[in-house]
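Each chain is listed here by its residues.
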Amino acid sequence: MGERERGDAWSSLAHLLSYDSLVHAVAGSAGGMMAMSIFYPLDTARLRLQVDEKMKAKSTPAVLADIIKEEGLSAVYRSWFPVISSLCCSNFVYFYTFNALKEVWARGQPASNSKDLVMGFLSGVVNVLVTTPLWVVNTRLKLQGAVFKNEDIQQTNYKGIVDAVGQIVREEGVAALWSSTLPSLLLVFNPAIQFMIYEGLKRHLMKGRAQLFSLEVFAIGAVAKAVATTVTYPLQTAQSLLRFGQRRKDAGRGIWGSLQSLIYLLRQRMKCQGFMGLYKGLEAKLLQTVLTSALMFLIYEKIATIIFRIMGATPHASK
């Protein structure tokens, strides 16, 4: 390798490990944690509707009222800490990867929706492969102790994240920690679409301006997430069911087994509840994910701006 090639390699590595990417990752993690904490009960309602087939599809407030009535007020915040911890790790990985790719690939080049989509997709793949075990465990912890309408659902007895990982590995094998990997990989289009729309709208509104108003950031974050969520929601339902441990009994392991289980779960949901059964819980999901995402982007932009201002630095990632 010549001097020029070595120089290019070191330059790419420097951009990959840049200060900018770290700031965006920290800001994204903080924004996600704060936003999810505020709207956490909405996610509880969404997950319950997705997993419990015999729970009637009601409005989000009605579902939350039923949960509180039967299980107590604390039930809507069940497993808050493990979920927030996992979200922190997930957002850090995603935002770091996305902005590192912008530094390496798009630096000095005009930004475009197609580049944003590809970078969002690649960031999602990295995120899924790294953090899926955390989300499998947290889905089970969040539903532990829930009062299900479907009596066929077996209750679990985990004492925490570490104990849950140990029990799953002993009873179901290591592969069970990645049981929702296939739908999760398919669902990387969700954040990819979200970031493509967000970055595209942001570029459009930023023309001739130094920064956006807070309400504008909130609005484009909400629009981006609403579109991405509606398009990919059936896969999110299958993802939740697989994370909870429901799968086709005679399905094999690995990618083929996950594909069999994915198709089986979607067909069973349509058979029992019709096509709209694939969208059961969408209202709660849209409320939770749109509001959470919009608030997350708002907090993310504010924190990143404040950090760069304090450090006297200017972000280099292409906008």
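Everything numeric here is computed off the predicted structure, so don't read it as measured data.

(A) Broad picture of unusual backbone geometry. Unlike most non-glycine residues, S79 shows phi in positive territory, near 60 degrees. Inspection of the secondary structure puts S79 in the loop between helix 3 (60-71) and helix 4 (80-105). Owing to a relative accessible area of 17%, S79 belongs among the buried residues under this scheme.

(B) Seen up close, a nonpolar patch on the surface. On the surface, a cluster of nonpolar side chains totalling about 430 Å² of accessible area is made up of Y19, I306, I310 and M311. If one sorts the elements of the nonpolar patch by residue count, helix 11 (residues 282-311) sits on top with three residues. Relative to the helices and strands, M311 is located in helix 11. Using a relative accessible area of 53% as the deciding quantity, one classes M311 as exposed.

(C) Local environment of the nonpolar core. Among the nonpolar cores identified, the biggest contains 35 residues, and V63, F95, F195, Y198, V217, L295 and F297 are the most heavily contacted of them. Secondary-structure elements contributing two or more residues to this core are helix 2 (19-51), helix 3, helix 4, helix 8 (189-206), helix 9 (214-243) and helix 11. A total of nine residues in this core trace back to one element, the largest contributor, which is helix 11. Excluding residues that lie within four positions of it along the chain, F297 makes contacts with F95, Q194, F195, Y198, V217 and G221.

(D) Looking closely at the packing of helix 2 against helix 3. Closest axis-to-axis distance for the helix 2/helix 3 pair is 9 Å, and the angle between their directions is 90 degrees. Here helix 3 runs roughly perpendicular to helix 2, going by the angle between their axes. Taken together, the residues of helix 3 that come into contact with helix 2 (itself represented by P41, L42, T44, A45, R48 and L49) are T60, V63, L64, I67 and E71. Here the residues of the contact of helix 2 with helix 3 sort into seven nonpolar, two polar and two charged.

(E) A look at the environment of K302. Tracing the backbone shows K302 in helix 11. For K302, a relative accessible area of 40% gives the class partly exposed. The spatial distance from the C-alpha of K302 to the C-alpha of S214 is 8.7 Å, given a sequence separation of 88 residues.

(F) Main features of the packing of aromatic side chains. Within this structure, the stated rule accounts for 14 aromatic pairs. When the ring of F92 is compared with that of Y96, the centres are 6.0 Å apart and the planes differ by 20 degrees; the resulting orientation is stacked. Pair noted here: F92 and Y96 are both in helix 4, with a separation of four residues, about one helical turn. What makes F92 partly exposed here is its relative accessible area of 31%. Taken together, the ring pairs connect Y94, F95, F98, F195, Y198, F297 and Y300 into an aromatic cluster. Cation over ring: K142 sits above Y40, and NZ or CZ is 4.1 Å from the ring centre.

(G) Local environment of the pattern of salt bridges. Inspection of the entire model under this criterion finds nine salt bridges. A salt bridge links K202 to E301, with the shortest nitrogen-to-oxygen separation between them at 2.9 Å. In this pair, K202 sits in helix 8 while E301 sits in helix 11, placing the two residues 99 residues apart along the sequence. Judged by relative accessible area, K202 falls into the buried class, the value being 10%. Taken together, the shared-partner salt bridges in this structure form one network comprising D43, R46 and K142.

How each quantity is defined
- Per-chain numbering applies: the sequence of each chain, read as written, is numbered from 1 onward.
- The predicted origin of the model limits local features to residues at a pLDDT of at least 70 and limits the giving and counting of side-chain atom pairs to 80 or more, whereas totals for whole chains, interfaces and linings rest on all residues.
- Note: side-chain values were computed over all heavy atoms of the structure, leaving out hydrogens and water.
- Each helix is a run of DSSP H or I of at least 4 residues and each strand a run of E of at least 2, with the numbering of both proceeding from the N terminus.
- Using a 1.4 Å probe on the protein chains alone, a residue whose accessible area is under 20% of its type maximum counts as buried, one over 50% counts as exposed, and one in between counts as partly exposed.
- To count toward a patch, a residue needs a relative accessible area above 30% and no salt bridge. Like charges then connect within 9 Å, nonpolar side chains (Val, Leu, Ile, Met, Phe, Trp, Tyr) within 5 Å.
- Areas reported here follow the Shrake-Rupley algorithm with a probe of radius 1.4 Å; residue values treat only the protein chains shown as occluding.
- One speaks of a salt bridge when a side-chain nitrogen belonging to Lys or Arg is within 4 Å of a carboxyl oxygen belonging to Asp or Glu.
- Nine residue types can take part in a nonpolar core, namely buried Ala, Val, Leu, Ile, Met, Phe, Trp, Tyr and Cys, and a core is a set of them joined through side-chain atoms within 4.5 Å.
- Residue contacts are counted whenever heavy atoms from the two residues lie within 4.5 Å of one another.
- Whenever a helix is involved, its axis is fitted only over the stretch in contact; in every case the axis is a line through C-alpha atoms, and angles between N-to-C directions fall within 0 to 180 degrees.
- Angles are sorted into four bins: roughly parallel if under 35 degrees, roughly antiparallel if over 145, roughly perpendicular if 65 to 115, and oblique for all others.
- Note on residue categories: nonpolar means Ala, Val, Leu, Ile, Met, Phe, Trp, Tyr, Cys or Pro, charged means Asp, Glu, Lys or Arg, and polar means any other residue, Gly included.
- Here a pair means two rings of Phe, Tyr or Trp (six-membered ring of Trp) with centres within 6.5 Å. Their orientation is stacked below 30 degrees between planes, edge-to-face above 60, and tilted elsewhere.
- Whether a charge lies above a ring is judged from NZ of Lys or CZ of Arg, which has to be within 6 Å of the ring centre and within 35 degrees of the ring normal.

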